[in-house]
Amino acid sequence: MKKNDCIFCKIANGEIPSKTLYEDEEFRMILDLNPATKGHALILPKDHADDLYGLSDGQASKIMLLAKKMAVKMTEKLQCDGLNLIQNNGEAAGQTVRHFHLHLIPRYTDDGQQLGWKPGETTQEELEEVRKQITG
Ligand code: 5GP
Ligand code: ZN
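The rules behind each value
Residues numbered from 1 in each chain as written. Chains lettered and ligands numbered in written order. Predicted model: local features only at pLDDT ≥ 70, side-chain atom pairs only at ≥ 80, totals over all residues. Heavy atoms only, no water. Helix = DSSP H or I, 4+ residues; strand = E, 2+ residues; numbered from the N terminus. Buried < 20%, exposed > 50% of the residue type's maximum accessible area, 1.4 Å probe, protein only. Contact = heavy atoms within 4.5 Å. Pairing = 2+ DSSP bridges.

S.K.: What exactly am I supposed to notice about the environment of Ile43 here?
M.R.: Looking at the element boundaries, Ile43 is found in strand S3 (residues 41-45). Taking relative accessible area as the criterion, Ile43 reaches 0% and is therefore assigned buried. Note: C-alpha distance between Ile43 and His103 (60 residues apart in sequence) is 6.7 Å. The residues touching Ile43, leaving out its near neighbours within four places in the chain, are Arg28, Met29, Ile63, Leu66, Ala67, Phe100, His101, Leu102 and Leu104.

S.K.: How do you make sense of the pairing of S3 when you look at a structure like this?
M.R.: In the case of a regular strand, side chains alternate between the two sheet surfaces. Within S3, 5 of the 5 residues are buried, which leaves the element mostly enclosed by the surrounding structure. Of the two faces of S3, the one carrying Ala41, Ile43 and Pro45 and the one carrying Leu42 and Leu44 are both buried. Note that strand S2 (residues 27-31) and S3 share 5 bridges and pair antiparallel. Looking at the pairing, Ile30 lines up with Leu42 of S3. Strand direction decides the pairing type here: S3 and strand S5 (residues 102-107), joined by 3 bridges, are antiparallel. Its bridge partner being in S5, Ile43 is matched across the sheet by Leu102.

Shown next as structure tokens:
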């Protein structure tokens, strides 16, 4: 189902034109308008889901398979040196468009991008507490 006033629903379903790298019944993969690097692309489901939590198991598995296939193709065609998969859920995680999308960001040696996080510190006790919190 499409969601009214969702820009990625419109792009995914072809109502707004985009630079499409791949399309099938369920997904469209497009070039990002503000690319972090050359070839920065997004996989969008045609059915609206706000984020990862809203995907069906079927969608989630197909998206990862598509990401793998396209990562191989992009690496071959763009001759990039690496590639990041990034997927943000919620404002706190940096999600700016509330329609699920998976970023494929080709990386080039010395491309100047800094994607990532500042490594923190912890203890074995804290790690054990978190482990219990998640698995308990
Ligand atoms: P987020 O921060 O939500 O994970 O990423 C949103 C991404 O969507 C950004 O990289 C941004 O450049 C891209 N974006 C936003 N609006 C448009 C658009 O209208 N067309 C395309 N192709 N990309 C968009
Ligand atoms: Zn949408």
